[in-house]
Amino acid sequence: MEREPGREGARRALGRLLQAVLASRGEANAVFDILAVLQSEDPEEIQEAIHTCSRLFGALLERGELFVGQLPPEDAVLAGSHGATRKYKIWMRHRYHSCRNCLGELLAHPTFRVKELALKTLMKFVQLEGAHPLEKPKWEGQYLFPRTLFRAVVGGLLSPEHDHSLLLSQFREYLEFDDIRYHVMQAASDAVAQVTSQHPEVSLAFWNNAFTLLSAVSLPRQERDISSFYVKHTEPSDTWKVAHLKEHRKTFQMMWLSFLKHKLPLSLYKKVLVTMHDTILPHLAQPTLMIDFLTEACDVGGAISLLALNGLFILIHTHNLEYPDFYQKLYGLLDPSIFHVKYRARFFHLADVFLSSSHLPAYLVAAFAKRLSRLALMAPPEALLMVLPFICNLLRRHPACRVLVHRPRGPELDADPYDPEEEDPAKSRALESCLWELQTLQQHYHPEVSRAASVISQALSVPEVSIAPLLELTAYEIFERDLKKKPSELVPLEFVPAQGLLGSREDACAQCFTLG
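Residues numbered from 1 in each chain as written. Predicted model: local features only at pLDDT ≥ 70, side-chain atom pairs only at ≥ 80, totals over all residues. Heavy atoms only, no water.

## Describing the packing of aromatic side chains
Then comes step 1: Throughout the structure, instances matching the rule amount to 23 aromatic pairs.
Then comes step 2: Judged by centre distance (5.5 Å) and plane angle (80°), the rings of Phe32 and Trp91 are edge-to-face. Here the residue Phe32 occupies a position in helix α2 (residues 30-37), and Trp91 occupies one in helix α5 (residues 84-106), the gap between them amounting to 59 residues.
Then comes step 3: The exposure class of Phe32 is partly exposed, given its relative accessible area of 40%.
Then comes step 4: On the basis of relative accessible area, Trp91 is assigned to the buried category, the value being 11%.
Then comes step 5: With centroids separated by 5.5 Å and ring planes inclined at 85°, the aromatic side chains of Tyr331 and Phe368 adopt a geometry described as edge-to-face. (Phe/Tyr/Trp six-rings, centres within 6.5 Å; stacked < 30°, edge-to-face > 60°. Helix = DSSP H or I, 4+ residues; strand = E, 2+ residues; numbered from the N terminus. Buried < 20%, exposed > 50% of the residue type's maximum accessible area, 1.4 Å probe, protein only.)

## Looking at the packing of α2 against helix α3 (residues 43-63)
Then comes step 1: Running from N to C, α2 and α3 cross one another at 140°; their axes reach a closest spacing of 8 Å. Classified by the interaxial angle, the pair formed by α2 and α3 is oblique. The crossing of α2 and α3 is left-handed. Listed contacts from α3 to Val31, Ile34, Leu35 and Val37 of α2 are Glu45, Ile46, Ala49, Thr52, Cys53, Leu56 and Phe57. (Axes fitted to C-alpha atoms, helices over the stretch in contact; angles between N-to-C directions. Parallel < 35°, antiparallel > 145°, perpendicular 65-115°, else oblique. Left-handed = near helix turned anticlockwise from the far one by under 90°. Contact = heavy atoms within 4.5 Å.)

## Focus on the pattern of salt bridges
Then comes step 1: Under the defined criterion, the tally for this structure stands at 16 salt bridges.
Then comes step 2: When the shortest N-O distance is used, the salt bridge between Glu129 and Arg100 registers 2.7 Å. On the criterion of sequence distance, the pair formed by Glu129 in helix α6 (residues 112-131) and Arg100 in helix α5 is long-range, its members being 29 residues apart.
Then comes step 3: Note on Arg100: relative accessible area 14%, which makes it buried.
Then comes step 4: Of the charged contacts, one joins Arg397 and Asp352 as a salt bridge, the two residues approaching to 2.5 Å between their closest N and O atoms. Placement of Arg397 in helix α18 (residues 381-397) and of Asp352 in helix α16 (residues 344-354) is noted, with a sequence separation of 45 residues between them. (Salt bridge = Lys/Arg side-chain N within 4 Å of Asp/Glu carboxyl O.)

## Brief notes about helix α11 (residues 245-260)
Then comes step 1: Under the 1.5 Å per step criterion, the end-to-end length of α11 is 22 Å for 16 residues, consistent within 8% with the ideal 22 Å.
Then comes step 2: Those residues of α11 lying buried are Leu245, Glu247, His248, Thr251, Phe252, Gln253, Met255, Trp256, Ser258, Phe259 and Leu260. (Expected span 1.5 Å × (residues − 1).)

## Focus: the state of the cysteines
Then comes step 1: All told, the structure shown has zero disulfides when counted by the stated rule.
Then comes step 2: With no disulfide of its own, Cys401 lies 13 Å from the sulfur of Cys392, the closest cysteine sulfur.
Then comes step 3: We classify Cys401 as buried; its relative accessible area is 0%. (Disulfide = S-S within 2.5 Å.)

## Re the packing of α11 against helix α12 (residues 266-280)
Between two packed helices, the angle of one axis relative to the other and the distance separating the axes together describe the packing.
Then comes step 1: Relative to each other, α11 and α12 sit at 160°, their axes nearing to 13 Å. The angle between α11 and α12 places the two elements in the roughly antiparallel class. Note that α11 runs across α12; the crossing there is left-handed. Residues Phe252, Trp256, Phe259 and Leu260 of α11 form the contact with α12, whose own contacting residues are Leu268, Val272, Met276, Thr279 and Ile280.
Then comes step 2: Class assignment of the residues belonging to the contact of α11 with α12 gives a composition of eight nonpolar, one polar and no charged. (Nonpolar A, V, L, I, M, F, W, Y, C, P; charged D, E, K, R; others polar.)

## With respect to the nonpolar core
Then comes step 1: With 157 residues, the main nonpolar core has Phe57, Trp256 and Phe259 as its most contacted residues.
Then comes step 2: At eleven residues, α18 tops the list of elements feeding residues into this core.
Then comes step 3: For this core, the domains that each give at least three residues are domain 1 (7-136) and domain 2 (341-408 + 416-515).
Then comes step 4: Residue contacts for Phe57: discarding those within four places in its chain leaves Val31, Leu35, Met92, Arg95, Tyr96, Cys99 and Phe125. (Core = buried A, V, L, I, M, F, W, Y, C linked by side-chain atoms within 4.5 Å. Domains from an automatic or database assignment.)

## Examining the environment of Val21
Then comes step 1: Note that Val21 resides in helix α1 (residues 6-23).
Then comes step 2: Setting aside its immediate chain neighbours within four residues, Val21 contacts Glu27, Ala30, Val31, Leu56 and Met92.

## A closer look at the environment of Gly156
Then comes step 1: Mapping Gly156 onto the fold places it in helix α7 (residues 147-157).
Then comes step 2: Classification of Gly156 as buried rests on a relative accessible area of 18%.

## Quick look at a nonpolar patch on the surface
Then comes step 1: On the surface, a nonpolar cluster with roughly 280 Å² of combined accessible area is contributed by Leu377, Met378 and Trp436.
Then comes step 2: Summarising the element assignment, Met378 is placed in the loop between α17 (362-376) and α18. (Patch = residues over 30% accessible without salt bridge, like charges linked within 9 Å, V, L, I, M, F, W, Y side chains within 5 Å. Areas by Shrake-Rupley, 256 points an atom, 1.4 Å probe, with all protein chains shown as cover.)

## Some words on unusual backbone geometry
Then comes step 1: Its identity is not glycine, yet Asn320 carries a phi of approximately 60°, on the positive side.
Then comes step 2: For Asn320, a relative accessible area of 66% translates into the label exposed.
Then comes step 3: A positive phi angle, near 60°, is found at Arg429, a position not held by glycine.
Then comes step 4: In this structure, Arg429 sits in the loop between α18 and α19 (436-441).
Then comes step 5: Using a relative accessible area of 44% as the deciding quantity, one classes Arg429 as partly exposed.

Here it is, written out as structure tokens:
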């Protein structure tokens with residue numbers, strides 16, 4: 001085919017070929033010229049070819065001019081004694097498959113507009129194949145969906161070589177349809193199994209693509225919400241699995257379990273665990289099946305352990321899971337670094353939730369209060385302004401722990417019985433100790449910290465103090481707040497009062513210099 005240069009020339013040439021093919025079966029070979037433009041090096045010509053293929057095969061599907069049934073090999077059919085119409089339909093069906101393969105390859109094209117257009121065209125074919133199936137139903141009322149084509153689309157999106165995050169964001173619009181969402185979950189499970197079996201070391205690009213797609217799947221809350229289908233059917237049946245929320249939940253569970261059973265990159269562990277409690281666990285058919293993943297994540301340490309404890313906490317309280325080591329794991333996360341990590345605010349928010357129950361044993365709450373008090377001796381002011389009210393709230397919730405600050409007729413202690421090295425809070429002897437650390441912090445150099453620590457010397461008020469406004473507090477905010485104070489509100493921070501302009505007589509400055 002001779003084409004005029006430029007996009008307009010390609011459009012006119014392809015338009016003439018399209019009209020010829022649709023007008024006469026004798027011009028069917030012009031399809032080869034159209035498909036050849038899909039291999040062009042010019043992105044604009046490729047886009048015109050995609051538009052042409054969309055119109056061509058869309059019309060052929062609607063007109064029923066593609067072979068329906070198990071597709072026989074092309075060479076055997078053309079050499080046989082089949083009728084001309086049958087040969088044409090089989091031949092054109094093979095060309096349609098070639099077009100689909102080319103479009104699948106274009107999902108990895110360097111030009112985003114080409115990738116986006118290829119995706120939209122493939123999804124158009126999904127809709128048309130669903131409305132005009134290319135397979136024969138095995139029984140009356142069978143649910144037909146172009147699974148082979150759709151799995152190829154999902155497989156192209158979950159590329160091991162290319163980052164498809166932007167393309168997947170465009171694909172999210174299709175997940176609003178219940179049938180697309182259902183088949184995405186199935187196809188994603190198959191794609192993960194296939195890639196992990198073929199590649200000993202799976203690339204980070206694949207894991208990121210897979211997580212982006214999986215995390216975009218959100219199930220409806222009620223059965224009646226399943227009513228929007230991308231592929232239109234003349235007579236929907238109540239026997240179809242795609243029409244029932246229970247089946248969606250089973251498939252959703254299978255999808256996530258097939259993904260999480262593999263060793264994930266550390267960055268993905270965090271992303272999964274952040275969304276676990278509100279976007280994954282509520283939609284699982286059996287949430288307790290996540291116990292293995294969450295317990296393994298607990299042993300990783302740091303932020304991952306904390307986030308895993310959040311998921312376990314939900315399973316314990318909502319689904320009656322027994323996990324006796326829960327609070328021991330949380331206790332083990334308390335170390336000096338907790339005041340300096342970027343997830344500090346999330347840690348104390350979750351710890352506040354975990355320790356909110358008034359039914360926790362006194363020895364356990366006392367262990368947390370004592371450990372936090374000991375760590376507070378090494379904490380910066382912005383962390384102290386949050387952790388001191390946190391400790392006081394623990395004492396408010398659990399009156400039995402107030403012996404840590406006031407123990408009438410208690411014995412005199414020569415040494416602190418608390419064992420900071422003990423990993424089990426039940427054996428730490430915290431309840432036998434006292435919070436002398438808070439009294440020490442009453443002498444802190446920063447006046448706000450000193451004031452916050454002094455609360456412990458007074459009768460604790462009944463209502464708790466909300467720590468939410470203090471979770472994100474930074475040193476910069478404290479400094480800016482101090483700058484805005486009036487001189488009458490400032491507290492002198494000099495430890496030794498000044499003795500004159502040059503200091504005391506013993507001062508080195510006074511010994512070397514005199515005022516003239």
